[in-house]
Amino acid sequence: SYRQFLKISIIYFKDLPASKIHFFSSGFVKILTDRKNHIVGACIVGPNANLMAPELSLSIRHNLNILEIASTPHTTNSYVRAIKLAAKKQPKLGG
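The paragraphs below set out a description of the structure included in this document. (Residues numbered from 1 in each chain as written. Predicted model: local features only at pLDDT ≥ 70, side-chain atom pairs only at ≥ 80, totals over all residues. Heavy atoms only, no water.)

As for the overall build of the chain
A tally of regular secondary structure across the chain gives four helices and three strands. Against the compact-globule benchmark of 12 Å for 95 residues, the chain has a radius of gyration of 13 Å, which places it among compact chains. Projected onto its principal axes, the C-alpha coordinates of the chain cover approximately 40 × 25 × 20 Å. Put simply, 54% of the contacts in the chain that link residues at least 6 apart link residues at least 24 apart. Accessible surface computed for the chain: about 5700 Å², of which carbon and sulfur atoms make up 58%. (Helix = DSSP H or I, 4+ residues; strand = E, 2+ residues; numbered from the N terminus. Rg over C-alpha atoms; globule rule 2.2 N^0.38 Å. Contact = heavy atoms within 4.5 Å. Areas by Shrake-Rupley, 256 points an atom, 1.4 Å probe, with all protein chains shown as cover.)

Here it is, written out as C-alpha cells:
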C-alpha cells in the first residue's frame, strides 16, 4: 500500500479564515510527502489554485522538505495560507 511510503496532508478551504471573508469554502490543498518529508506531489482544488501551484511545483522541483514550507511566512486571510496549514498538519508515517 502507498500509505507505507507516503504521508498525506489535507486542509479544506472551509477551515480557513479566507473562506469566511471571500464567502467561498469549496476546495482543498493536499500534499504528499515521502519518508524523508520531501514533497513528491500535491493537489489543489478551488479558487486561485493557479496562484498556489507554483509554490508547490518549486518545492517538488527543488526537493524541499515540508517543514521548510511550514516555516515559510504565508499571507494571512488568503487561500495560499492553506499550503502552510496543510504542511503543518502532516501526519506521522503510516498514520
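Looking at the side chain of Lys84
Here Lys84 shows up in helix α4 (residues 81-88). At 3.3 Å, the side chain of Lys84 and the backbone oxygen of Ala70 are in polar contact. Separated by 3.3 Å, the side chain of Lys84 and the backbone oxygen of Thr72 make a polar contact. Setting aside anything within four residues of it in sequence, one finds Lys84 in contact with Ile69, Ala70, Ser71, Thr72, Pro73 and His74. (Polar contact = N/O pair within 3.5 Å; in protein donor to acceptor, adjacent residues only side chain to side chain.)

Details of the pairing of strand β1 (residues 7-12)
Only one face of β1 is covered, namely the face carrying Lys7, Ser9 and Ile11; the face carrying Ile8, Ile10 and Tyr12 is uncovered. Bridge analysis of β1 against strand β2 (residues 28-33) gives six bridges, and the strand direction is antiparallel. Directly across from Ile10, in β2, lies its bridge partner Lys30. (Buried < 20%, exposed > 50% of the residue type's maximum accessible area, 1.4 Å probe, protein only. Pairing = 2+ DSSP bridges.)

As for helix α2 (residues 49-61)
In this model, α2 (13 residues) spans 18 Å end to end at C-alpha, consistent with the 18 Å of a helix rising 1.5 Å per residue. The set of residues buried in α2 consists of Ala49, Met52, Leu56 and Ser59. Around the axis of α2, the buried residues are gathered within 85 degrees of arc, so they sit on the same side. Exposed residues lying more than 90 degrees from the buried face of α2 are Asn50, Leu51 and Arg61. The inward-facing, buried residues of α2 abut β2, β3 (39-45), α3 (66-70) and α4. Asn63 lies just past α2 and shows a positive phi near 55 degrees. (Expected span 1.5 Å × (residues − 1). Arc of directions from axis to C-beta.)

A look at the side chain of Ser59
By the element assignment, Ser59 lies in helix α2. Each residue touching Ser59, except ones within four places of it in the same chain, is listed here: Ile39, Leu64 and Ile69.

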